[in-house]
Amino acid sequence: MDRLSYLLLIAVAVLAGAPVSGADYVRPRGPSLRELALERGLHIGANFGHLVFGRSPNNWQDNPYLPTEKAIARDHFTIMTAGWENFPGHSWGGPGEYELSGTEHTVEWCLQHDVAYHFHGLGYVQRTPWFMDMPAETEKDLANIRRVYEDKVRDYVQLLAGRVKLWDVCNEHIAPGRRYQADDYWVRRWDSETESWRLHPYVRAYQGDSEDPEQGLVRWMARTFQLAHEIDPDATLIYLDFGNEVVGPTSNTMMRLVEDLRRADAPIHGVGFQMHLNNNLALGADVERGHGYETDDAYFDSMRANFRRLADMGLELWITEMDVTIDAEGDPDAELERQAEIYRRVFETVVECEAFRGVKTWGILDARPWGPSETRRYLFDDAGRPKPAFYAVQDVLAGYHPQTVAHDDFTGAATGRWQGEWSLSGPTADSTRRAPAADSADALVLRGSGATAERTVDLRGLRKAHLHYRRHAPDLTGDQQARLLLEAAVEDGDWQTVRVCDANAIGRRSPLEGAWQSVFATLPADAQGRLVGLRFRLEGAAGETEYALDELEVIADPVDE
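Nothing here was measured: the structure is a model prediction, and the numbers come from that model.

Calculation rules
Residues numbered from 1 in each chain as written. Predicted model: local features only at pLDDT ≥ 70, side-chain atom pairs only at ≥ 80, totals over all residues. Heavy atoms only, no water. Helix = DSSP H or I, 4+ residues; strand = E, 2+ residues; numbered from the N terminus. Contact = heavy atoms within 4.5 Å. Areas by Shrake-Rupley, 256 points an atom, 1.4 Å probe, with all protein chains shown as cover. Buried < 20%, exposed > 50% of the residue type's maximum accessible area, 1.4 Å probe, protein only. Pairing = 2+ DSSP bridges. Right-handed = clockwise from strand over helix to strand, strands pointing away. Phe/Tyr/Trp six-rings, centres within 6.5 Å; stacked < 30°, edge-to-face > 60°. Lys, Arg positive; Asp, Glu negative; His and termini not counted. Salt bridge = Lys/Arg side-chain N within 4 Å of Asp/Glu carboxyl O. Polar contact = N/O pair within 3.5 Å; in protein donor to acceptor, adjacent residues only side chain to side chain. Expected span 1.5 Å × (residues − 1). pLDDT = per-residue confidence, 0-100. 1 Å grid on protein atoms, 1.4 Å probe; cavity = no way out; pocket = protein on both sides within 12 Å on 5 of 7 lines; lining within 4 Å. Points joined across faces, edges and corners; volume = space filled by probe spheres on them. Nonpolar A, V, L, I, M, F, W, Y, C, P; charged D, E, K, R; others polar. Core = buried A, V, L, I, M, F, W, Y, C linked by side-chain atoms within 4.5 Å.

Student: Would you mind going over the overall build of the chain with me for this structure?
Tutor: Helix and strand counts for the chain come out as 13 helices and 23 strands. Considering only contacts in the chain between residues 6 or more positions apart, those separated by 24 or more positions represent 76%. Here the chain has roughly 22,300 Å² of accessible surface; of this, 47% comes from carbon and sulfur atoms.

Structure representation (structure tokens):
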């Protein structure tokens, strides 16, 4: 969407009445972000900011901005969090002493309005002073730390079990850029009295006989994941950090951490990214542009590669607290357009990766930021009017919507929808059809390992394609694994896998099952000939496992002659 379109859309909202409260909120024209996200099986959400100050439960009653924030959340978001209100530092006053009434209030509001809830900071105890000062010298001390901490985890999860979609179980334990200490994992804090680094007490409590403090950290995390999963087995559990969205030391360490947690039998489902960016793509004034990438393209290429390698590990991906700050001293119009461009490119990268499950901004209104107010970080201005960044996100989600024309990147491309008959092959392929959804064609069903579905259609002349597909998650048990592979055939060549659509993740039923998913398939640069066919192949599923596809749409580039 160009600048003139943005300004016209904003003018329409202004003329319709600038919202100053929930009652005055004016919904922008066009589909809501919620509608577009649900269509493609993606969560979109935000943080209700400033609900807690100090130890108070919340300030829902004395918050003049909240009516507008609630109205926007009802219209546009599928998942919310109360942010810092969940932190142990605000809600955990001592052993067995909890203040979670504010969290309960937020969770109940979400349930009433069909909005999922994200609990932020279950294990974020490094900012809980009394806990960090607990004695950790003797075996009795360490056993007491373990008891107090595990009681806290159990009590929090038991209180909210079944009402939380996403728990970020542990977060911010990778040393940022390895600048703060020598360890890859953040296991120490600075003690100003002794002028030395001291191990976190919970790291010591779980270190056992190991001389490596990183083992203590991994064991503490693994135990937290295990307790959360035992009590709330249907929730999604992730590890969350910052500075990890591109290929680099932090994301490399996070990949190692995931493997360490898996070896420790932690039920980790995914990872999250805290993307507090600015118009230079940096995390802050002391960080080089885009973590050292000199151009936008290099930064987003690295982000795309990073997301892909994490997806290949079978992880769900979430951006849990995104914002993009502007230069308050720059030209306002130019700064807002630059901000919109960054939001656009982040979301374009997200929708290309089928492992992504959601994106949340770390606030709703510019008037209520977690940092300086002049930085104008979010999708809505002070009064709740949509900004260019909102329309950029809306445009990206609509551009990948199955009922729209091809995205601008595919100008002149052929567009078509495949429905109805497929040819089936494979050792346990079954042509039995599942009862179709009301708004879809008959579903394609794959049963058992090795089953394939090949579309008998001539695709010569195409080199790459956006593929949208509806799916129903199979009813697998937690220990079953399966992968759905997208394969392509080229003229005078064999079938080759070009994308793993759902790597080791389809064993968990999605609350958005049946929604549109998307993959971006590109033939290898050295592929000879032209694309002549596409097929899906189920790999690793056992027995009567079923996987259903309702429809498939392709938006593809023609080959340059």
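The structure having been displayed, the exposition proceeds.
Student: Please explain the pairing of strand S9 (residues 236–242) as it appears in this structure.
Tutor: Look at any regular strand and the pattern is simple: side chains alternate between the two faces of the sheet. Taken across its 7 residues, S9 has 6 buried, putting it largely inside the fold. Pairing between strand S6 (residues 166–171) and S9: 5 bridges, direction parallel. Paired with Asp168 across the bridge in S9 is Ile238. In the sheet, S9 pairs with strand S10 (residues 270–274) via 5 bridges, with the strands oriented parallel. Of the residues in S10, the one forming a bridge with Phe242 is Gln274. Where the polypeptide runs from S9 across helix H10 (residues 249–263) and back to S10, its parallel neighbour, the crossover connection is right-handed.

Student: What's the story with unusual backbone geometry in this structure? I'm lost.
Tutor: Phi is mostly negative for residues that are not glycine, and the peptide bonds are mostly trans. Located in the positive-phi region is Asp114, a residue other than glycine, with phi close to 55°. The phi angle at Arg376 is positive, at roughly 45°, despite the residue not being glycine. A relative accessible area of 29% places Arg376 in the partly exposed class.

Student: Where do I start with the packing of aromatic side chains in this structure?
Tutor: The description of two aromatic rings rests on the distance between their centres and on the angle between their planes. In this structure the tally under the stated criterion is 18 aromatic pairs. Ring geometry for Trp92 versus Phe131: centroids 5.2 Å apart, planes at 40°, classification tilted. Of this pair, Trp92 sits in strand S3 (residues 92–94) while Phe131 sits in helix H6 (residues 129–132); the two residues are 39 residues apart in sequence, bridging distant segments of the chain. As far as burial versus exposure is concerned, Trp92 and Phe131 are alike and both buried.

Student: Can you walk me through the side chain of Lys152 in this structure?
Tutor: By the element assignment, Lys152 lies in helix H7 (residues 139–160). Nearest to the buried, unbridged Lys152 among oppositely charged side chains is Asp155, at 9.7 Å. For Lys152, the residues in contact, after removing those within four places along its chain, are Pro88, Trp92, Tyr98 and Leu122.

Student: Before we go on, may I ask you to explain the environment of Arg304 in this structure?
Tutor: Its place among the elements puts Arg304 in helix H11 (residues 296–311). Note on Arg304: relative accessible area 30%, which makes it partly exposed. Here the alpha-carbon distance between Arg304 and Thr349, two residues 45 residues apart in the chain, equals 6.1 Å. Dropping the residues within four chain positions of it, Arg304 is found in contact with Thr349 and Glu352. In this structure the side chain of Arg304 is engaged in a polar contact, spanning 3.0 Å, whose partner is the side chain of Asp301.

Student: Explain the pattern of salt bridges to me, please; I cannot follow it from the model alone.
Tutor: Proximity of charged atoms lets side chains of opposite charge pair with each other. Counted under the stated rule, the structure contains 26 salt bridges. One salt bridge connects Glu104 with Arg163, and the closest N-O pair in it is separated by 2.8 Å. Of the two residues, Glu104 is situated in helix H5 (residues 101–112) and Arg163 in the loop between H7 and S6; the sequence distance between them amounts to 59 residues. Residue classification places Glu104 among the partly exposed positions, given a relative accessible area of 23%. Where Glu137 meets Arg204, a salt bridge forms, and the shortest distance between an N and an O atom there is 3.7 Å. Linking Glu137 in the loop between H6 and H7 with Arg204 in helix H8 (residues 201–207), this pair joins segments that are 67 residues apart in sequence. Classification of Glu137 by relative accessible area gives exposed; the value is 58%. When salt bridges that share partners are traced, they join Arg147, Glu150, Asp151, Arg154 and Arg223 into one network.

Student: Looking at this structure, I do not really get the environment of Glu35. What am I missing?
Tutor: On the secondary structure map, Glu35 appears in helix H2 (residues 33–39). Given a relative accessible area of 41%, Glu35 falls into the partly exposed group. In this structure, the C-alpha to C-alpha distance between Glu35 and Leu397, residues 362 residues apart in sequence, is 9.6 Å.

Student: Please clarify how the pairing of strand S12 (residues 316–325) should be interpreted in this entry.
Tutor: Counted residue by residue, S12 has 10 buried out of 10 residues, so it is predominantly covered. Summarising the sheet, strand S11 (residues 276–278) and S12 pair through 3 bridges and their orientation is parallel. Each residue of the ladder has a partner; that of Leu277, found in S12, is Val324. In terms of strand pairing, S12 meets strand S13 (residues 356–361) through 4 bridges, oriented parallel.

Student: Explain H11 here, please?
Tutor: Since the α-helix packs 3.6 residues into each turn, any two residues three or four apart lie on the same face. An ideal rise of 1.5 Å per residue puts 22 Å on 16 residues; H11 measures up with 22 Å between its terminal C-alpha atoms. If you check which residues of H11 are buried, you get Asp296, Tyr299, Phe300, Ser302, Met303, Asn306, Phe307, Arg308, Leu310 and Ala311.

Student: Teacher, can you tell me more about the confidence of the model for the chain here?
Tutor: Segments scoring low in pLDDT should not have their predicted coordinates read at a detailed level. For the chain, per-residue confidence averages 75 on the pLDDT scale, and 63% of positions sit at 70 or higher. Here helix H1 (residues 3–16) stands out as the element of the chain with the lowest mean pLDDT, 35, in contrast to H7, whose mean of 98 is the highest. This stretch, residues 400–422, has a pLDDT under 50; its non-local contacts, to residues over four places away or in other chains, come to 65 contacts. Across residues 463–480, confidence stays below pLDDT 50; counting only partners more than four residues off in sequence or on other chains, it has 97 contacts.

Student: What exactly am I supposed to notice about the layout of surface pockets here?
Tutor: Which parts of space are left empty comes out when a probe the size of a water molecule is rolled across the atoms. Estimates place the volume of the second largest pocket at around 650 Å³. Breaking the lining of the second largest pocket down by element, the ones donating at least two residues are strand S7 (188–191), S11 and S12. Tallied by class, residues from the lining of the second largest pocket come to 12 nonpolar, 9 polar and 7 charged.

Student: Help me out: how do you make sense of the nonpolar core in this one?
Tutor: Nonpolar side chains in soluble globular proteins tend to be buried together. The biggest cluster of nonpolar side chains holds 109 residues, and the ones touching the most others in it are Trp167, Phe273, Leu317 and Val346. Excluding residues within four positions of it along the chain, Leu317 makes contact with Val271, Phe273, Phe307, Leu310, Cys353, Ala355, Phe356, Arg357 and Gly358. One finds Ala116, Leu166, Ile238 and Trp318 within the second-largest nonpolar core, a separate group that totals 5 residues.

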